[in-house]
Amino acid sequence: MGEHTPAAAERPSVAELEERAYELREKLLHLCGTYEGAVHIGGDLSAADVLTALFQYGMHVDPSDLRNPERDRFVLSKGHAAVCMYIAMSIRGFFDFDGIVDTYGKLDSAYGMHPCKVQLPGVEASTGSLGHGLPLAVGMALSARGRGEAHRVFTLLGDGETGEGSVWEAAMAARSNRLGNLVAVIDRNRQLMTSFAEERVVFEPYPDKWAAFGWNVVQVDGHDMSALVGAIDGLPSSSSERPTVIIAETVKGKGVDFMEHNLAWHAGRLGAADLERAMASLAASRKERVA
Amino acid sequence: MSTTFTFGEMLSARSVIGSTLAELGESHENLWVLTPDIGATLVEFREKYPDRFIDVGLAEQACVGIAAGLAYDGNLPVVSGMLPFLSMRALEQIRTDVSYPNLPVKIIGTHGGLVGNGGSTHYAVEDLTLLGALTNMTVTSIGDPLMVGDILRQSMDMPGPIYIRLAAGKADAVLYQPGEHDIRIGKGIVARDGADVTLFTHGTTVLQALNAADVLADEGHSVRVIDMFTIKPIDAELVLRCASETDGRFVVLEDHLAYGGLATRIADVLADNGTALNAFERLGIPQVYAGFGDDEELREKHGYGPSATLAALRRAVAK
């Protein structure tokens, strides 16, 4: 573990993290069922376990001390998962969930489709246009190195997003500058907006691509909380020289049967009946897991 | 500054960038310099502060994004490179990563206008339009090599981003003695006073404008030359004052597309204030990809060289 991660005794267990991931999904569906516009629910659900593991376990962050220079930084490169991040942060204590669900997407709200730091100071960077987060994270990691600080910079990317050339420019810069304090997590749900990834764009051999850029590559089941915790626990020291990429194999729409592997649920809204179905499906998937 | 310079003496703006950044690196411990493989001018900084110098290689988008990441963490990053690529390939990063969160990233570079004989891939001729469209962005174009240092120093205290355009930057004529003018970002410089017509310009064509003013003086006409080095925000007060003080006669000369740069900004000020002119001549690059040739030849060919400038001034004063 890095020098600034919370002491083991303060951190939730895997079972507790699974409960918080469930709570996150419930809240996602609730927001998707009450907001009048579309929510990027598919990619929110695929990232729910990863963001739970990061915000509730892996990252040293303190909602009551937002500007602490020693905090770990998080950049949501996959800006489309803003709702998932807002709610993950609310569960961690950054924001009040009611404030999110009551104002989301409305005039003057701090919460919208893609995160804006100016409007919501609790987030570290304004993102949304894809392929931007990794370069930002590289800059933050360089800054940490320059100050001699040991915190880490985390960023979450979608796998589809890594079609952007700027991602690979930054991947090269991260290795060239020996940024072992940088951790990229890929939400590898294998779906673009309008296609299944390997149908239109060949990403494989995906881990090899990162390895070829000189990164330390870790592959996990992105819905297996103990595997995610293990990947976080196994991170090399932030003073090491190779950046780490955690490729989290995920399912778009995870936890709601009619959304999983379904291109229709890249973004959408849930009517009352669908919300009920989705909640029932989520509850059933939890039952299956607990059993 | 102990060294004195004479009007017209040639000096490299690039060397001024290099020495100024090396100087500023000492007083500003959070100053970083980044470049996409255009590092020759930055050697002094690189050698003094290797830990705050980043050359990302040929990767303009990441270069600007990394600079933004540094700025998010309280640093003052300067991105130095060739403007045709920074202003276009990395435009979205400049807009989204820098301007949107209003970060203090300075983008400085060479090859503004038809300079360098690189052909149309290597000319930044749309950059003032593109960068000028960005909220929070200050846009400048510098002709005097010594001014580059002034502008960089001033930019250290700016809360938001700035774009600093130079021409080729290799051998530029000194236009002003140090201390001759109060040079402030956002304020135009009255480089030559006059009452019959105002000639607005910026960057590499300021010298051409001053020379044209001399010729018109010999012909009995008094030409006011304004070095409007800040394109955005435009010094509207000065524009309006010139309209009333130089008999409503304007000529605008710029090494940029004739529409979308300084002339357009001045026209906007006039329209927004309901100010009518007697003459408005617009000298700049027409809608062409300009091809090869040296700077002087290209300006003549495309209608904004010295002879075209004299002709426009004569037409204006005749109205």
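About the cut-offs
Residues numbered from 1 in each chain as written. Chains lettered and ligands numbered in written order. Predicted model: local features only at pLDDT ≥ 70, side-chain atom pairs only at ≥ 80, totals over all residues. Heavy atoms only, no water. UniProt positions renumbered as here; feature names shortened; annotations may be inferred. Helix = DSSP H or I, 4+ residues; strand = E, 2+ residues; numbered from the N terminus. Rg over C-alpha atoms; globule rule 2.2 N^0.38 Å. Buried < 20%, exposed > 50% of the residue type's maximum accessible area, 1.4 Å probe, protein only. Contact = heavy atoms within 4.5 Å. Areas by Shrake-Rupley, 256 points an atom, 1.4 Å probe, with all protein chains shown as cover. Lys, Arg positive; Asp, Glu negative; His and termini not counted. Charge placed at Lys NZ, Arg CZ, Asp CG, Glu CD. Domains from an automatic or database assignment. Buried area = accessible area lost by both parts, 1.4 Å probe. Salt bridge = Lys/Arg side-chain N within 4 Å of Asp/Glu carboxyl O. Polar contact = N/O pair within 3.5 Å; in protein donor to acceptor, adjacent residues only side chain to side chain. Nonpolar A, V, L, I, M, F, W, Y, C, P; charged D, E, K, R; others polar. Pairing = 2+ DSSP bridges. Axes fitted to C-alpha atoms, helices over the stretch in contact; angles between N-to-C directions. 1 Å grid on protein atoms, 1.4 Å probe; cavity = no way out; pocket = protein on both sides within 12 Å on 5 of 7 lines; lining within 4 Å. Points joined across faces, edges and corners; volume = space filled by probe spheres on them.

- Chain B goes by Transketolase family protein in an unreviewed UniProt entry, where it is assigned to Pseudoclavibacter endophyticus.
- According to the UniProt record, the Sequence similarities (unreviewed entry) comment for chain B reads "Belongs to the transketolase family."
- Among the UniProt annotations of chain B, the heading Cofactor (unreviewed entry) holds the following wording: "thiamine diphosphate".

- In the annotation of an unreviewed UniProt entry, chain A is listed under the name Transketolase and assigned to Pseudoclavibacter endophyticus.
- Under the UniProt heading Cofactor (unreviewed entry), the note attached to chain A is "thiamine diphosphate".
- One UniProt comment on chain A, placed under Sequence similarities (unreviewed entry), says "Belongs to the transketolase family."

### Focus on the overall build of chain A
Inference 1: Counting secondary structure elements, chain A contains 10 helices and 5 strands.
Inference 2: By the compact-globule yardstick of 19 Å for 291 residues, chain A fits well, its C-alpha radius of gyration being 18 Å.
Inference 3: The principal-axis extent of the C-alpha atoms belonging to chain A is close to 55 × 45 × 40 Å.
Inference 4: Taking all 291 residues of chain A together, 56% fall into the buried category.
Inference 5: Counting only contacts in chain A whose residues sit at least 6 apart along the sequence, the fraction spanning at least 24 positions is 77%.
Inference 6: For chain A, the accessible surface area stands at approximately 11,100 Å², while carbon and sulfur atoms represent 51% of it.
Inference 7: Positive and negative charge centroids in chain A, built from 28 and 39 side chains respectively, lie 3 Å apart.

### Notes on the domain arrangement of chain B
Residues and elements named next belong to chain B.
Inference 1: Per the domain assignment, the segments of chain B are domain 1 (10-173) and domain 2 (189-317).
Inference 2: Using only C-alpha atoms to locate each centre, domain 1 and domain 2 end up separated by 26 Å.
Inference 3: If you look at the interface, domain 1 gives 32 residues, while domain 2 gives 29 residues.
Inference 4: Carbon and sulfur atoms make up 57% of the surface buried where domain 1 meets domain 2, a total of about 2,100 Å² over both sides.
Inference 5: Between domain 1 and domain 2 we count 0 salt bridges in total.
Inference 6: Where domain 1 meets domain 2, there are 17 residue pairs in polar contact (both at pLDDT 80 or more).
Inference 7: For the side of domain 1 that touches domain 2, the secondary structure elements donating two or more residues are helix H6 (127-132), strand E6 (138-141) and helix H7 (145-155).
Inference 8: Its residues assigned to classes, the side of domain 1 that touches domain 2 shows 14 nonpolar, 15 polar and 3 charged.

### Concerning the UniProt feature "domain: Transketolase N-terminal" (unreviewed entry) in chain A
Inference 1: When the UniProt feature table is mapped to this numbering, "domain: Transketolase N-terminal" (unreviewed entry) covers residues 39-280 of chain A.
Inference 2: The straight-line gap between the two end C-alpha atoms of residues 39-280 of chain A is 19 Å; of that span, 38% is helix and 12% is strand.

### Here we look at the pattern of salt bridges
Inference 1: Counting across every chain of the model gives 29 salt bridges over all chains.
Inference 2: Of the charged contacts, one joins Arg188(A) and Glu198(A) as a salt bridge, the two residues approaching to 3.2 Å between their closest N and O atoms. Here Arg188(A) is found in strand E3 (residues 182-188), whereas its partner Glu198(A) is found in helix H7 (residues 197-200), with 10 residues between them in sequence.
Inference 3: We classify Arg188(A) as buried; its relative accessible area is 0%.
Inference 4: Across the salt bridge formed by Arg249(B) and Asp247(B), the nearest N and O atoms sit 2.9 Å from each other.
Inference 5: One continuous salt-bridge network, built from bridges that share partners, spans Asp159(A), Arg188(A), Arg190(A), Glu198(A), Glu204(A) and Glu249(A).

### Section: the sheet that holds strand E5 (residues 106-110) of chain B
Sheet strands associate in pairs through backbone hydrogen bonding, adopting either a parallel or an antiparallel arrangement.
All names here are of chain B.
Inference 1: Strand order in the open sheet formed by 7 strands is E3-E2-E4-E5-E7-E6-E12, and the pairing between neighbours is mixed. What marks the edges here is a single partner per strand, and that holds for strand E3 (53-55) and strand E12 (230-232). Along the sheet, successive strands turn relative to each other by an average axial angle of 20°, direction set aside.
Inference 2: By the bridge criterion, 5 bridges tie strand E4 (residues 76-82) to E5 in an arrangement that is parallel. Paired with Ser 80 across the bridge in E5 is Ile 108.
Inference 3: Packing of helix H3 (residues 60-72) onto the sheet brings it into contact with strand E2 (31-35) and E4, and relative to E2 it is tilted by some 170°.

### Observations concerning the interface of chain A and chain B
Inference 1: The partner chain B presents 22 residues to the 25 residues of chain A that form the contact.
Inference 2: Buried surface at the junction of chain A and chain B, both sides included, amounts to about 1,900 Å², of which 59% is carbon and sulfur.
Inference 3: Taken as a group, His132(A), Leu136(A) and Glu169(A) account for 28% of the area that chain A buries against chain B, more than any other trio of residues on that side.
Inference 4: There are 2 salt bridges connecting chain A and chain B.
Inference 5: Note that Asp73(B) is salt-bridged to Arg73(A), the shortest N-O span being 2.8 Å.
Inference 6: Viewed at the interface, chain B and chain A are joined by 10 residue pairs in polar contact (both at pLDDT 80 or more).
Inference 7: With 10 residues, helix H5 (residues 133-147) of chain A is the largest single contributor of residues to the side of chain A that touches chain B.
Inference 8: Grouping the constituent residues of the side of chain A that touches chain B by class yields 12 nonpolar, 8 polar and 5 charged.

### Section: empty space enclosed by the protein
All names here are of chain A.
Inference 1: The tally for this structure, following the rule as stated, stands at 4 cavities of 30 Å³ or more.
Inference 2: The wall of the largest cavity is formed by 21 residues, among which Met 89, Phe 94, Gly 122, Val 123 and Glu 124 lie closest to the centre.
Inference 3: Counting only elements with at least two residues in the lining of the largest cavity, the list comes to strand E1 (73-76) and helix H3 (82-92).
Inference 4: Examining the composition of the lining of the largest cavity, we find that 4 residues originate from one element, E1, more than from any other.
Inference 5: In terms of residue class, the lining of the largest cavity is built from 13 nonpolar, 1 polar and 7 charged.
Inference 6: In this model, the second largest cavity occupies a volume close to 50 Å³.
Inference 7: When grouped by side-chain class, the residues that make up the lining of the second largest cavity number 8 nonpolar, no polar and no charged.

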